[in-house]
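Given next are the chains, with one letter for each unit.
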Amino acid sequence: MSTQKVKITFSGSGRQIDLPVIEGTLGPEAIDTRSLSSQGVLTYDPGFLSTASCASNITFIDGDAGLLYYRGYPIEQLAEHSDFLEVAYLLSFGELPTSEQKAAFVEKIGHQTMVHDQMANFFHGFRRDAHPMAVMVGVVGAMSAFYRHSADPFDPAQRESAALRLLAKVPTIAAWSYKYNIGEPFMYPQNRFSYSENFLHMMFATPCEDYQPNPILARALDRIFILHADHEQNASSSTVRVAGSSGANPFACIAAGIACLWGPLHGGANEATLKMLEQIGDASRIGEFIKRAKDKADSFRLMGFGHRVYKNMDPRAAIMRQTCHEVLNELGLNDDPLFNLALELEKIALEDEYFIDKKLYPNVDFYSGIVMRAMGIPNSMFTAIFALARTAGWVAQWKEMIASPEHRIARPRQLYTGATRRDFVTIDRRH
Ligand code: ACO
């Protein structure tokens with residue numbers, strides 16, 4: 001707690017309110033406005049641009065400096081030296097695991113990767129061409145009907161059990177939503193594989209042939225998982241916290257996060273980027289699309305550009321750009337026309353005054369879509385993979401929220417701008 005105070009003075013009445021200032025360990029200080037509503041005043045912040053909705057120990061972002069830390073560790077170090085399950089452990093428990101803790105965690109996850117066999121029935125209820133995110137919202141939500149002994153958020157043991165089941169089973173559900181789309185049999189998880197290898201196996205293996213995941217592609221996918229694992233109070237994590245604040249079922253809360261992530265302004269951006277590149281089609285048409293992106297009368301935006309928090313550089317984008325080169329090299333796809341179009345678009349947009357002025361840089365999803373496409377993952381699965389990775393962050397944020405002594409149901413207020421009181425007038429019922 002800082003010793004500073006902020007004094008608000010109303011210019012009309014001269015009324016004054018003192019508010020304390022709170023300091024975190026890093027990042028901007030916050031004015032503690034909690035006492036305002038009892039004094040008949042609200043803060044107004046649509047889209048929460050200036051609102052710290054909670055105190056959190058998990059992830060730190062400095063958008064101007066391009067910094068992202070999970071539990072204090074820079075994302076670059078984790079992406080280079082760690083793997084996704086270590087990162088998931090770090091996010092959940094606050095420390096990197098020792099080798100014994102890691103082995104125990106991997107084993108626990110391995111014992112939970114299968115879903116209840118009756119859950120396969122849910123998949124068969126969907127239209128075959130259902131979007132994988134539509135299936136995931138439904139099937140992850142349906143876990144609430146199967147794992148009722150992991151449902152009480154106020155019991156720490158049940159919380160851990162729900163978190164473990166989600167981390168272990170969401171990849172199976174994501175891969176099965178793809179298998180259902182293409183009409184192939186569901187592949188059961190294989191515990192001899194790493195987390196990302198197992199996901200590739202469930203996506204691409206069939207019962208007819210042996211499948212050995214390519215280690216370079218598995219490593220690249222693992223990196224995508226690490227980079228997407230958490231991002232402090234983004235729209236979907238805030239959704240999970242708000243849903244969970246009422247004590248709701250954890251699986252239903254994660255389904256709510258998946259629903260939010262689906263939008264093209266959030267996790268849907270990687271899929272939207274690929275669609276946009278396909279729509280542009282050729283480098284000769286880039287100018288036309290840049291012009292559209294700048295036109296206020298046109299709703300078109302350059303997908304994969306811009307970020308609410310990062311205004312100079314998205315540190316995840318730099319790592320993903322490098323991974324993109326590695327994967328395309330490995331697969332001999334350096335001359336891939338869509339990749340070259342993406343590089344040309346990146347170059348032109350970075351030199352354009354509009355994009356420079358508004359601090360619009362490629363974000364992580366500009367490159368992650370290209371990497372996943374090169375691996376043979378269809379566009380419709382991109383956001384599902386983001387959801388799989390973000391599950392690690394969602395469960396960590398949800399656990400922190402429920403266990404916090406400051407936990408209360410989330411209940412924002414509003415600035416009412418509708419009609420003032422008026423009286424009911426009966427309509428003429430003769431017509
Ligand atoms: N193309 C063209 N113009 C843009 C773009 C873009 N991609 N992004 C922002 N702008 C413009 C806006 O029109 C606005 O212009 P104005 O000041 O003249 O009104 C200005 O830049 C600021 O943009 P806002 O939308 O107000 O910024 P906000 O922080 O609310 O939105 C967002 C950030 C949603 C990411 C936005 O940049 C966007 O829509 N980008 C494209 C979608 C995308 O890639 N999303 C992925 C985000 S990363 C993630 O979720 C992992």
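Notes on the structure in this doc start here. One numbering rule holds for all chains: residues counted from 1, following each sequence as written. Side-chain atom pairs in this predicted model are given and counted only at pLDDT of 80 or more, local residue features only at pLDDT of at least 70, and totals for whole chains, interfaces and linings cover all residues. The basis for every side-chain value is the complete set of non-hydrogen atoms in the structure, without hydrogens or water.

## A word on unusual backbone geometry
Link 1 in the chain: Here the phi dihedral of Phe48 falls at roughly 55 degrees; this positive angle occurs in a residue that is not glycine.
Link 2 in the chain: With respect to the helices and strands, Phe48 occurs in the loop between β3 (30–31) and β4 (59–62).
Link 3 in the chain: Only protein chains enter the area calculation, which uses a 1.4 Å probe; residues under 20% of their type maximum are buried, those over 50% are exposed, and those in between are partly exposed. On the basis of relative accessibility, which here comes to 55%, the residue Phe48 falls in the exposed class.
Link 4 in the chain: Of note in this structure, Arg71 is not a glycine but carries a positive phi near 50 degrees.
Link 5 in the chain: A run of H or I in DSSP counts as a helix once it spans at least four residues, and a run of E counts as a strand once it spans at least two, with each numbered from the N terminus. Mapped onto the elements, Arg71 comes out in the loop between β5 (67–70) and β6 (73–74).

## Remarks on the pairing of β5
If a strand is regular, its side chains alternate between the two faces of the sheet.
Link 1 in the chain: Only one face of β5 is covered, namely the face carrying Leu68 and Tyr70; the face carrying Leu67 and Tyr69 is uncovered.
Link 2 in the chain: Strand pairing follows a simple DSSP-based rule, namely that at least 2 bridges must link the two strands. Summarising the sheet, β4 and β5 pair through four bridges and their orientation is antiparallel. Counterpart to Ile61 in the pairing with β5 is Leu68.
Link 3 in the chain: Between β4 and β5, which pair antiparallel and follow one another directly, the connecting turn spans four residues, one of which, Gly66, has a positive phi of 70 degrees.
Link 4 in the chain: Remark: two residues form the turn of the hairpin made by β5 and β6, two consecutive strands paired antiparallel; Arg71 in that turn has positive phi of roughly 50 degrees.

## Topic: the sheet that holds strand β1 (residues 5–9)
Link 1 in the chain: Sheet architecture is open: three strands sit in the order β1-β2-β3, paired in antiparallel fashion. The outermost strands of the open sheet, each flanked by one partner alone, are β1 and β3.

## Focus on the nonpolar core
Link 1 in the chain: Residues enter a nonpolar core if they are buried and are Ala, Val, Leu, Ile, Met, Phe, Trp, Tyr or Cys, with the set joined through side-chain atoms within 4.5 Å. Ranked by size, the top nonpolar core spans 113 residues in total, and within it Tyr70, Phe84, Phe199, Phe225, Leu302, Leu345 and Ile377 carry the most contacts.
Link 2 in the chain: Looking at this core, the element that brings in the most residues is helix α17 (residues 382–403), giving 14 residues.
Link 3 in the chain: Ignoring anything within four residues of it in the chain, the contact list for Phe225 reads Phe84, Tyr195, Ser196, Phe199, Ile385, Leu388 and Ala389. We call two residues contacting when some pair of their heavy atoms lies within 4.5 Å.

## Some points on the site of the ligand
Link 1 in the chain: When at least one non-hydrogen atom of a residue lies within 4 Å of a molecule or strand, that residue is treated as near it. Near the ligand there are 21 residues, and of these Arg301, Leu302, Gly304, Arg308 and Lys358 occur at the shortest range.
Link 2 in the chain: As used in this structure description, the phrase polar contact means that two N or O atoms lie within 3.5 Å; if the pair is within protein, one of them must be able to donate a hydrogen and the other to accept it, and residues adjacent in sequence are counted only when both atoms belong to side chains. Contact distances for the ligand include 2.7 Å between a nitrogen atom and a backbone N or O atom of Leu302.
Link 3 in the chain: Here an oxygen atom of the ligand sits 2.9 Å away from a polar atom, N or O, in the side chain of Lys358.
Link 4 in the chain: Each accessible area value is a Shrake-Rupley result obtained with a 1.4 Å probe; residue values ignore everything except the protein chains displayed when judging cover. Its free accessible area being 920 Å², the ligand has 77% of it covered by the protein chains.

## Some words on the sheet that holds β4
Link 1 in the chain: In space, the three strands of this open sheet follow the order β4-β5-β6, with antiparallel pairing throughout. Each end of this open sheet is capped by a strand with a single partner; those strands are β4 and β6.
Link 2 in the chain: Bridging between β5 and β6 involves two bridges; their strand directions are antiparallel. Directly across from Tyr70, in β6, lies its bridge partner Tyr73.

## What to know about helix α8 (residues 215–228)
Helical periodicity: at 3.6 residues per turn, an α-helix aligns residues three or four positions apart in one direction.
Link 1 in the chain: Relative to the 20 Å expected for 14 residues at 1.5 Å per residue, α8 spans 20 Å between its end C-alpha atoms, a close match to the ideal helical length.
Link 2 in the chain: Taking burial as the measure, the 14 residues of α8 include 11 buried ones, the bulk of the element.
Link 3 in the chain: Taken together, the buried positions of α8 are Leu217, Ala218, Ala220, Leu221, Asp222, Arg223, Ile224, Phe225, Ile226, Leu227 and His228.
Link 4 in the chain: Taking the backbone nitrogen of Ile216 as reference, a side-chain oxygen 2.7 Å away marks Asn214 as the first, capping residue of α8. Here, expected helix span is obtained from the residue count minus one, scaled by 1.5 Å.

## Regarding helix α7 (residues 195–204)
Link 1 in the chain: In terms of residue burial, α7 counts as a mostly covered element, since nine of its 10 residues are buried.
Link 2 in the chain: Residues Tyr195, Ser196, Glu197, Asn198, Phe199, Leu200, His201, Met202 and Met203 constitute the buried set of α7.
Link 3 in the chain: The inward-facing, buried residues of α7 contact α2 (84–93), α3 (99–110), α6 (156–182), α8 and α17.

## Observations concerning the packing of helix α13 (residues 315–330) against helix α16 (residues 364–374)
Link 1 in the chain: Interaxial angle, 0 to 180 degrees, is taken between N-to-C directions of lines fitted to C-alpha atoms, where a helix line uses only the stretch in contact. Relative to each other, α13 and α16 sit at 20 degrees, their axes nearing to 8 Å. In terms of axis orientation, α13 runs roughly parallel to α16. Here α13 and α16 pass one another in a crossing that is left-handed. Here Arg316, Ala317, Met320, Arg321, Thr323, Cys324, Val327 and Leu328 of α13 come into contact with α16, specifically with Val364, Tyr367, Ser368, Ile370, Val371 and Ala374.
Link 2 in the chain: Under the scheme applied, nonpolar residues are Ala, Val, Leu, Ile, Met, Phe, Trp, Tyr, Cys and Pro; charged residues are Asp, Glu, Lys and Arg; polar residues are all the others, including Gly. The residue makeup of the contact of α13 with α16, split by class, is 10 nonpolar, two polar and two charged. Here roughly perpendicular refers to angles of 65 to 115 degrees, roughly parallel to angles under 35, roughly antiparallel to angles over 145, and oblique to all remaining angles. With the far helix as reference, a near helix turned anticlockwise by less than a right angle produces a left-handed crossing, and one turned clockwise produces a right-handed crossing.

## A short note on the packing of aromatic side chains
Link 1 in the chain: Under the pairing criterion, centres of Phe, Tyr and Trp rings, with the six-membered ring standing for Trp, must be within 6.5 Å; the plane angle then separates stacked pairs below 30 degrees from edge-to-face pairs above 60, leaving the rest tilted. The final tally for this structure, using the stated rule, is 21 aromatic pairs.
Link 2 in the chain: Here the aromatic rings of Phe84 and Phe225 are separated by 5.4 Å at their centres, their planes lie at 65 degrees, and the arrangement is edge-to-face. Taken together, the residues span a long stretch of sequence, with Phe84 in helix α2 and Phe225 in helix α8 at a distance of 141 residues. Take Phe84 and Phe225: they sit in the same class, and that class is buried.
Link 3 in the chain: When the ring of Tyr354 is compared with that of Phe355, the centres are 5.2 Å apart and the planes differ by 70 degrees; the resulting orientation is edge-to-face.
Link 4 in the chain: Residue class for Phe355 comes out buried when judged on its relative accessible area of 3%.
Link 5 in the chain: Through a chain of ring-to-ring contacts, three or more aromatic side chains come together here, namely Phe305, Tyr354, Phe355, Phe366 and Tyr367.

## Description of the pattern of salt bridges
Link 1 in the chain: Any Lys or Arg side-chain nitrogen located within 4 Å of an Asp or Glu carboxyl oxygen qualifies as a salt bridge. The final tally for this structure, using the stated rule, is 19 salt bridges.
Link 2 in the chain: The shortest N-O distance in the salt bridge between Asp32 and Arg34 comes to 2.8 Å.
Link 3 in the chain: Judged by relative accessible area, which is 9%, Asp32 ranks as buried.
Link 4 in the chain: Look at Arg34 and you get exposed, because its relative accessible area is 57%.
Link 5 in the chain: The shortest N-O distance in the salt bridge between Lys102 and Glu86 comes to 3.0 Å. Pair noted here: Lys102 is in helix α3 and Glu86 is in helix α2, with a separation of 16 residues, a long-range link. A single burial state applies to Lys102 and to Glu86, both of which are buried.
Link 6 in the chain: Connected through salt bridges with shared partners, the residues Asp32, Arg34 and Glu406 form a single ionic network.

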